Amino acid sequence: MIQTRKVVIVGAGHVGSHVALALIQSGDADDIVLIDVLPEKAAGQAMDLDDGISGSLCGRDACVRAGGYDDVDDADVLVMAFGRSRLPGETRLDMFDDSIRMAQEVVSHLKQHRFSGIMLSISNPADIICEYIRRQMGWPRNRCFCTGTSLETYRLLRVLSRCTGLARRSIRAFCMGEHGNSSFVVWSQVQAGGRPFTALVEKESSLAGLDLEALQTEVKRAGDIEIDGKGCTEFGIANAAHMIISAIFHDQKLLWPCSTALEGEYGEENVAAGVPCIIGKNGMEQVVEVPLSPEEQQKFHESCEIIRSFLQRAETI
């Protein structure tokens, strides 16, 4: 039998529409459904995306349409991309109140349906919204996780590629913790060209004087620069979501940082945070525990405490 891969995207704004576009161009999904609080927006985005299929180089046609929550019943992947854009000067945590109200409305719809697929969340503040929905729905962690520090990791690879002159695919690096200001680079695990990056900084004259703290700040500030310049971020996070969906559909066993509920890993529980994971056909199939330096472990605990405090606040609303 030929299996149809169905993806439902809640939120037809900048990010949701770009996730749909990436799925169209890659040919990874056959049936793409957009849901939005403004039905006419979802319909307009779907039609615009459908117009683009004629010129797509993917070699196959996907069905792109506006729909409703009935469509989640047989969806393989459900993407949460609802929410407003972050305003200049705002942190992702500043979006908490608005996003929780939206999440409550989404949950009220989901509870009327039986969704047995995998949910990938993007909506900010990402770690908190995803874990809030997971707890409300009672879903296991492998079926409900978020992009986490994917975007920070993309930005880190860009920065390190510029510094070293190496292709991004020749660099292994990732960020952990909150998708936000308390995220951090796991420098002890960064490798560039197959060699530990910290050792390269000490030995290579071309990298002498490189300030790791300054690089960390550059990674963190990237989102603010994009928000100030264009009012939103969309391409990078949509590509990250597509990469994860593709890993699910093709059972790639992809090693990538995602935010998932922790059950004792890294000494944390009752919280969700960005950690290295294995992504495959069953969703988030494994949390990978890598050795952290004492400083990195402390940063992770501090980041988890921030997330945990907002999760506790969400339970009171």
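Residues numbered from 1 in each chain as written. Predicted model: local features only at pLDDT ≥ 70, side-chain atom pairs only at ≥ 80, totals over all residues. Heavy atoms only, no water.

Peer 1: So what exactly am I meant to see when it comes to the sheet that holds strand β10 (residues 191-192) here?
Peer 2: In sheet architecture, strand pairing relies on hydrogen bonds along the backbone and comes in two forms, parallel and antiparallel. The antiparallel open sheet is built from three strands, whose spatial order is β7-β10-β11. Because the sheet does not close on itself, it has two edges, and the strands there are β7 (171-172) and β11 (195-196). Across two bridges, β7 lies against β10 in antiparallel orientation. Residue R172 lies in a different strand from β10, and its bridge partner there is Q191. (Pairing = 2+ DSSP bridges. Helix = DSSP H or I, 4+ residues; strand = E, 2+ residues; numbered from the N terminus.)

Peer 1: Teacher, can you tell me more about the packing of aromatic side chains here?
Peer 2: We describe a pair of aromatic rings using the distance from one ring centre to the other and the angle between the two ring planes. All chains considered together, the criterion is met by five aromatic pairs. A centroid spacing of 5.5 Å and a plane angle of 55° characterise the contact between Y154 and W256, whose relative ring orientation is tilted. Remark: W256 occurs in strand β12 (residues 254-263) and Y154 occurs in helix α5 (residues 150-164); sequence separation between them is 102 residues. For the pair Y154 and W256, one class covers both residues: buried. (Phe/Tyr/Trp six-rings, centres within 6.5 Å; stacked < 30°, edge-to-face > 60°. Buried < 20%, exposed > 50% of the residue type's maximum accessible area, 1.4 Å probe, protein only.)

Peer 1: Honestly, the environment of I35 in this entry has me stumped. Any pointers?
Peer 2: One can find I35 in strand β2 (residues 31-35). Residues I35 and L160, 125 residues apart in the sequence, show an inter-C-alpha distance of 37 Å. Each residue touching I35, except ones within four places of it in the same chain, is listed here: V8, I9, V10, G11, A12, A42, G67, G68 and Y69. (Contact = heavy atoms within 4.5 Å.)

Peer 1: Sorry, what's going on with the pairing of strand β4 (residues 77-80) here?
Peer 2: Residues of β4 alternate between two faces, with V77 and V79 on one and L78 and M80 on the opposite face, all of them buried. Looking at chain direction, strand β1 (residues 6-10) and β4 are connected through four bridges and run parallel. What sits directly across from I9, in β4, is V79. Relative to strand β5 (residues 118-121), β4 runs parallel, the two being bridged by four bridges. Across the sheet, V79 pairs through a bridge with L120, a residue of β5. Read as a crossover between parallel neighbours, the route from β4 over helix α3 (residues 96-110) to β5 is right-handed. (Right-handed = clockwise from strand over helix to strand, strands pointing away.)

Peer 1: Sorry if this is basic, but what is going on with the packing of α5 against helix α7 (residues 212-230) here?
Peer 2: In a packed pair of helices, the relevant descriptors are the angle between the two axes and the axis-to-axis distance. Viewed as axis vectors pointing N to C, α5 and α7 meet at an angle of 120°, and their least axial separation amounts to 9 Å. Classified by the interaxial angle, the pair formed by α5 and α7 is oblique. Between α5 and α7 lies a crossing of right-handed hand. From α5, E152, R155, L156, R158, V159, L160, R162 and C163 reach across to α7, where they touch L215, E218, V219, A222, G223 and E226. Grouping the amino acids of the contact of α5 with α7 by side-chain chemistry returns seven nonpolar, one polar and six charged. (Axes fitted to C-alpha atoms, helices over the stretch in contact; angles between N-to-C directions. Parallel < 35°, antiparallel > 145°, perpendicular 65-115°, else oblique. Left-handed = near helix turned anticlockwise from the far one by under 90°. Nonpolar A, V, L, I, M, F, W, Y, C, P; charged D, E, K, R; others polar.)

Peer 1: Where do I start with the nonpolar core in this structure?
Peer 2: Generally speaking, soluble globular proteins have nonpolar side chains that are buried together. Ranked by internal contacts, the top residues of the largest apolar core, which has 90 residues, are L110, I133 and I279. Counting residues per element, this core draws most heavily on helix α8 (residues 235-249), which supplies nine residues. Setting aside residues no more than four positions away along its own chain, I279 makes contact with F145, I244, A247, I248, Q252, K253, L254, C258 and M284. Counting 18 residues, the second largest nonpolar core, distinct from the first, contains C163, I171, F197 and V219. (Core = buried A, V, L, I, M, F, W, Y, C linked by side-chain atoms within 4.5 Å.)

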